[in-house]
Amino acid sequence: MLIKRPKGWELPESAATPEHVYMNRRKFLAGSATSIGTIGLGGAASIGSVRTAAALDDPTADLYPAARNETYTVERALTPEEVVTTYNNFYEFGSSKNVHEASQSLPLRPWQVAIDGMVEEEMLLDIDELIRSMPLEERVYRLRCVEAWAMTVPWTGFAMRHLVERARPLSSAKYVRMETFEDPEVAGGQKQHWYPWPYVEGLTMAEAMNDLTLLVTGVYGQPAPPQNGAPLRLMTPWKYGFKSIKSIVRFTITYERPKSFWEEIQAAEYGFWANINPEVPHPRWSQAEERIIDEGSSLFWDKVPSQLYNGYGEFVADMYTGLEDEQLFM
Ligand SMILES: Nc1nc2c(c(=O)[nH]1)N[C@H]1C(S)=C(S)[C@@H](COP(=O)(O)O)O[C@H]1N2
Ligand SMILES: [Mo]
């Protein structure tokens, strides 16, 4: 079927956008009545509340803070919590960065997670039972969006391999497909029918079993708020941020390579592998550098060189030997 999509599908807020475009946008927005609430890129500066009643009432709150795993500590400064929780990509709630308020409508409980497909026994797990059965730890990871901006975030979660092991996959299985909730009544962005909802992502079995692959339940030492993908989201820090699917309801172990949300929309720009490589540009912008998202104006955000596998090559590069014919970096 040929679906005609309006131009609006592109990941539009590239930090690679020339500075004067931002400045004009910000000036324009500052002059309009709804200014603060609608600024995408500068939105982080405008909001005070970072925790919601939902996050504070979390039935697993007693598990926080979890002990930090120092293996993955990074040299960069942490991105301020206010920024991490107010500058977000979550298209289910709109295509701007300013979706943290809209996302508060997502009910985080009850929440069930299905594990199905090529497993010894399919399961439907209650999120609290699942989280309590897993070894929670804190890890500080760099996050690099395909739009050429970056953050450094203390996530809480557990290595995904523990979940895969619990699922007991058949030995012939090759991929894990993940799916976000679908409920247009709760998530207004899902009324935009030209997007292929629900959001889908996938990993190879080796990637899912890699120790770096985290399933995130919390941020900054507390249960995660909806805007960061509560109650369960992926974090693969050597891949562009769009791989790190939020608010997961289903894991399917499969033989077929899953087609992800962005790949479905524009395969020429957002591939299955999406490993970070400064030498492989996005078709519409360079990936050589990234801006470190901070408070305040984008004018003051540092620009630094990007790194192969986002600096995580020692943990992940091995998985790609023999796959050189694949489009590993897009
Ligand atoms: N379900 C879902 N997951 C998603 C997205 C989304 O729009 N929907 N955006 C992705 C993108 S592009 C990025 S950069 C990260 C942003 O995560 P953060 O808002 O917690 O920083 O989430 C990813 N996961
Ligand atoms: Mo992103």
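Summarised in this report is the structure supplied together with it. These numbers come from a predicted model, not from an experiment. (Residues numbered from 1 in each chain as written. Chains lettered and ligands numbered in written order. Predicted model: local features only at pLDDT ≥ 70, side-chain atom pairs only at ≥ 80, totals over all residues. Heavy atoms only, no water.)

Once that is clear, we can look at the overall build of the protein chain. Looking only at helices and strands, one finds nine helices and twelve strands in the protein chain. Sorting the 330 residues of the protein chain into buried and exposed places 57% on the buried side. The contacts of the protein chain with a sequence gap of at least 6 include a subset with a gap of at least 24, amounting to 73%. Accessible area for the protein chain stands at about 13700 Å²; split by element, carbon and sulfur atoms hold 53% of it. (Helix = DSSP H or I, 4+ residues; strand = E, 2+ residues; numbered from the N terminus. Buried < 20%, exposed > 50% of the residue type's maximum accessible area, 1.4 Å probe, protein only. Contact = heavy atoms within 4.5 Å. Areas by Shrake-Rupley, 256 points an atom, 1.4 Å probe, with all protein chains shown as cover.)

This part takes up the site of ligand 1. The full set close to ligand 1 counts 19 residues, and Asn88, Tyr91, Glu92, Ser244 and Lys246 are the nearest of them. Asparagine 89 is positioned such that a nitrogen or oxygen atom in its backbone is 3.3 Å from a nitrogen atom of ligand 1. For ligand 1, a nitrogen atom lies 2.8 Å from a polar atom in the side chain of glutamate 92. When isolated, ligand 1 has an accessible area of 530 Å², and the protein chains bury 100% of it. Considering only residue class, the shell around ligand 1 consists of nine nonpolar, seven polar and three charged. (Near = heavy atom within 4 Å. Polar contact = N/O pair within 3.5 Å; in protein donor to acceptor, adjacent residues only side chain to side chain. Nonpolar A, V, L, I, M, F, W, Y, C, P; charged D, E, K, R; others polar.)

Here we take up the sheet that holds strand β5 (residues 175–180). An order of β2-β1-β10-β5-β6 is seen for the five strands of this open sheet, with the pairing classed as mixed. Edge positions in the open sheet fall to β2 (123–126) and β6 (200–204), since each of these has one partner strand only. Taken pair by pair, the neighbouring strands of this sheet meet at an average axis angle of 20°, ignoring direction. Here six bridges tie β5 to strand β10 (residues 248–254), and the two strands are oriented antiparallel to one another. Residue pairing in the sheet places methionine 178 in a bridge with phenylalanine 251 of β10. Sitting on the sheet, helix α6 (residues 160–167) touches β1 (112–117), β2, β5, β6 and β10, and the angle it makes with β2 is about 135°. (Pairing = 2+ DSSP bridges. Axes fitted to C-alpha atoms, helices over the stretch in contact; angles between N-to-C directions.)

What follows deals with the side chain of glutamate 137. With respect to the helices and strands, glutamate 137 occurs in strand β3 (residues 137–144). At 2.7 Å, the side chain of glutamate 137 forms a polar contact with the side chain of arginine 139. Apart from the residues lying within four places of it in its own chain, the contact partners of glutamate 137 are Ala66, Ala67, Asn69, Trp155, Thr156 and Gly157.

With that settled, consider the nonpolar core. Burial of nonpolar side chains together is a common tendency in soluble globular proteins. Met160, Met178, Leu215 and Phe251 are the most contacted members of the largest nonpolar core, which has 86 residues in total. Among the elements that line this core, the one with the most residues is strand β4 (residues 149–159), at five residues. Sequence-distant contacts of methionine 160, defined by excluding residues within four places in its chain, comprise Val176, Met178, Leu203, Ala208, Thr213, Leu214, Leu215, Leu234 and Phe251. (Core = buried A, V, L, I, M, F, W, Y, C linked by side-chain atoms within 4.5 Å.)

For the bond running from tyrosine 64 to proline 65, omega is -10°, close enough to zero to count as cis. Assignment of secondary structure puts proline 65 in the loop between α3 (53–56) and α4 (81–84). Note that the residue after arginine 109, namely proline 110, is joined by a cis bond; omega there is -10°. Of note in this structure, alanine 148 is not a glycine but carries a positive phi near 75°. With respect to the helices and strands, the residue alanine 148 is situated in the loop between β3 and β4. You will see that serine 247, though not glycine, has its phi angle at about 45°, which is positive. Counting through the fold element by element, serine 247 comes out in the loop between β9 (233–235) and β10.

So, on to the side chain of aspartate 58. Mapped onto the elements of the fold, aspartate 58 is located in the loop between α3 and α4. A polar contact is formed between the side chain of aspartate 58 and the side chain of arginine 109, at a distance of 3.3 Å. Setting aside anything within four residues of it in sequence, one finds aspartate 58 in contact with Arg109 and Pro223.

The next thing to look at is the pairing of β5. The buried fraction of β5 amounts to five of the six residues, a majority that puts the element mostly inside the structure. Alignment of β5 against β6, held across five bridges, turns out to be antiparallel. Residue pairing in the sheet places valine 176 in a bridge with leucine 203 of β6.

For the structure shown, the criterion picks out 21 salt bridges. Between lysine 97 and glutamate 147 there is a salt bridge; the shortest N-O distance is 3.3 Å. Taken together, the residues span a long stretch of sequence, with lysine 97 in the loop between α4 and β1 and glutamate 147 in the loop between β3 and β4 at a distance of 50 residues. As far as the burial class goes, lysine 97 and glutamate 147 line up, both buried. Glutamate 137 serves as the salt-bridge partner of arginine 139, at 2.7 Å between the closest nitrogen and oxygen. Neither arginine 139 nor glutamate 137 differs from the other in exposure class; each is buried. (Salt bridge = Lys/Arg side-chain N within 4 Å of Asp/Glu carboxyl O.)

Fair warning: the whole summary comes from geometry, so function is off the table for now.
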